[in-house]
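Here are the chains, one letter per residue:
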Amino acid sequence: MRIEPASRKIAILVSGRGSNFAAIADHTESGKLDAEIVLVLGNRESAPGLRNARRRGFETLFLSSKDTGRREFDTRAVAALREKDVAIVCLAGFMRILSPVFLSAFPYRILNIHPSLLPAFPGLDVQRQALEHGAKFSGCTVHFVDERLDGGPIIRQAVVPILDGDSHEDLSGRILTQEHQIYSEAIDLVLSGRCELDGRRVLIHD
Ligand code: GRF
């Protein structure tokens, strides 16, 4: 199945720092990534990523997830994304699991970035897990989001070495530098209609 988004309109969902949002925004502004960020949606009002987006003049929406059921939150989020005619939804440090309501509204149109080489180390605090496990390499992964936790089809990955003297911060920083590159590259692959889903595999066409 070829993934063919209807437009280049994207939304970015953040819960925290928002450095991946900032990198994507930089790439769209410099022309490196041909995409239009039509909405930055956050579920934590104080999230630096959401504030930064507002400061940079992007349209933002805060939807509180506190005391809100998953279905209700997702229904509101989907309505907002549809209103903005979003073709691709990019999760960037968005700390919520999406319900079937959200997933079925954007099938293979939701991307996530994860700071490990999936399928190794799904879940949280994975840079620490890679260090403690004694892995010699780690990295980051951009994948489609489906009902499996960090388990959807992989679009792009980058590998980084784990060095003997690495602290958690050293490794996280090295991975983050790569995240900021490959997320925009993966978005471009998807938006340009070059991705074909073949079972679990994402084939990339020229
Ligand atoms: C990144 O490490 C990303 O891979 C993970 O959450 C972190 C978000 O960082 N999903 P930021 O908010 O984009 O700076």
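Just so it is clear, the model here is predicted, and its values are computed rather than measured.

Novice: Could you clarify how one ought to interpret the overall build of the protein in this entry?
Specialist: Across its full length, the protein holds six helices and nine strands. Along the three orthogonal principal directions, the C-alpha set of the protein runs to about 50 × 40 × 35 Å. The buried share of the protein, reckoned over its 206 residues, is 52%. Within the protein, contacts between residues at least 6 apart in sequence are counted, and of these 65% link residues at least 24 apart. Charged side chains of the protein number 26 positive and 27 negative; the gap between the two group centres comes to 3 Å.

Novice: Which parts of the structure should I look at to understand the pattern of salt bridges?
Specialist: Note on pairing: side chains with opposite charge can pair once their charged atoms come close. Taken as a whole and assessed by the stated rule, the structure comprises eleven salt bridges. Across the pair D166 and R174 runs a salt bridge whose closest N-O atoms are separated by 2.7 Å. Among the charged side chains, a salt-bridge network with shared partners connects R8, D34 and D188.

Novice: Is there a simple way to think about the sheet that holds strand β7 (residues 154-161) in this case?
Specialist: In a beta sheet, neighbouring strands pair by backbone hydrogen bonds and run either parallel or antiparallel. Spatially, seven strands are ordered β3-β2-β1-β4-β5-β6-β7 in an open sheet, and the strand pairing comes out mixed. Each having just a single partner strand, β3 (60-62) and β7 make up the two edges of the open sheet. Neighbour-to-neighbour, the strand axes of this sheet turn through a mean angle of 20 degrees, independent of strand direction. In this structure, strand β6 (residues 137-144) lies alongside β7, joined through seven bridges in antiparallel fashion. Paired with V142 across the two strands is R156, which belongs to β7. Sheet strands in contact with helix α3 (residues 70-83) are β1 (9-14), β2 (36-42), β3 and β4 (88-91), and its direction is about 160 degrees off that of β2.

Novice: I would appreciate a short explanation of the nonpolar core in the present structure.
Specialist: Side chains of a nonpolar character, in soluble globular proteins, are inclined to be buried together. In terms of nonpolar packing, the biggest core is built from 45 residues, with I10, F21 and I155 touching the most fellow members. When near neighbours in sequence (up to four residues on either side) are disregarded, I10 contacts I24, A35, E36, I37, V38, L39, V86, I88, C90, I187 and L191. Core analysis: the next-biggest nonpolar cluster, separate from the first, contains 22 residues, V38, A80, V86 and L98 among them.

Novice: Even after reading the chapter, I still don't get the site of the ligand, so can you show me in this structure?
Specialist: Taken together, R17, G18, S19, N20, G93, I113, H114, P115 and E179 make up the full set of residues adjacent to the ligand. Measuring from an oxygen atom of the ligand, one finds a side-chain N or O atom of R17 at 2.6 Å. At 2.8 Å, a side-chain N or O of E179 approaches an oxygen atom of the ligand. Burial of the ligand by the protein chains amounts to 85% of its free accessible area of 370 Å². For the ligand, the cavity whose grid points lie within 2 Å of the majority of its atoms is the largest pocket. When contributions to the shell around the ligand are tallied by element, the ones reaching two or more residues are α1 (19-30) and β5 (110-114).

Novice: Honestly, the packing of helix α5 (residues 126-133) against helix α6 (residues 168-191) in this entry has me stumped. Any pointers?
Specialist: Angle between the axes and distance between the axes are the two parameters that describe a pair of packed helices. Across the interface, α5 lies against α6 with an axial gap of 9 Å and an inter-helix angle of 120 degrees. As judged from the angle between their axes, α5 and α6 are oblique. In terms of crossing hand, the pair formed by α5 and α6 is right-handed. Between α5 and α6, the residues in contact are Q127, R128 and L131 and H168, L171, S172 and I175, respectively.

Novice: When you look at the packing of aromatic side chains in this model, what are you seeing that I'm missing?
Specialist: Two numbers describe a pair of aromatic rings. These are the distance of the centres and the angle of the planes. Under the definition given, this model contains four aromatic pairs. When the centroid spacing of 5.9 Å and the interplanar angle of 85 degrees are considered together, the rings of Y108 and F144 count as edge-to-face. In this pair, Y108 is assigned in the loop between α4 (100-105) and β5 and F144 in strand β6, connecting sequence segments 36 residues apart. For Y108, a relative accessible area of 25% translates into the label partly exposed. In this structure, R96 is placed above the aromatic ring of F73, and the distance from its NZ or CZ to the ring centre is 4.5 Å.

Rules used throughout
- Residues numbered from 1 in each chain as written.
- Predicted model: local features only at pLDDT ≥ 70, side-chain atom pairs only at ≥ 80, totals over all residues.
- Heavy atoms only, no water.
- Helix = DSSP H or I, 4+ residues; strand = E, 2+ residues; numbered from the N terminus.
- Buried < 20%, exposed > 50% of the residue type's maximum accessible area, 1.4 Å probe, protein only.
- Contact = heavy atoms within 4.5 Å.
- Lys, Arg positive; Asp, Glu negative; His and termini not counted.
- Charge placed at Lys NZ, Arg CZ, Asp CG, Glu CD.
- Salt bridge = Lys/Arg side-chain N within 4 Å of Asp/Glu carboxyl O.
- Pairing = 2+ DSSP bridges.
- Axes fitted to C-alpha atoms, helices over the stretch in contact; angles between N-to-C directions.
- Core = buried A, V, L, I, M, F, W, Y, C linked by side-chain atoms within 4.5 Å.
- Near = heavy atom within 4 Å.
- Polar contact = N/O pair within 3.5 Å; in protein donor to acceptor, adjacent residues only side chain to side chain.
- Areas by Shrake-Rupley, 256 points an atom, 1.4 Å probe, with all protein chains shown as cover.
- 1 Å grid on protein atoms, 1.4 Å probe; cavity = no way out; pocket = protein on both sides within 12 Å on 5 of 7 lines; lining within 4 Å.
- Sits in = over half its atoms within 2 Å of the grid points.
- Parallel < 35°, antiparallel > 145°, perpendicular 65-115°, else oblique.
- Left-handed = near helix turned anticlockwise from the far one by under 90°.
- Phe/Tyr/Trp six-rings, centres within 6.5 Å; stacked < 30°, edge-to-face > 60°.
- Lys NZ or Arg CZ within 6 Å of the ring centre and 35° of its normal.

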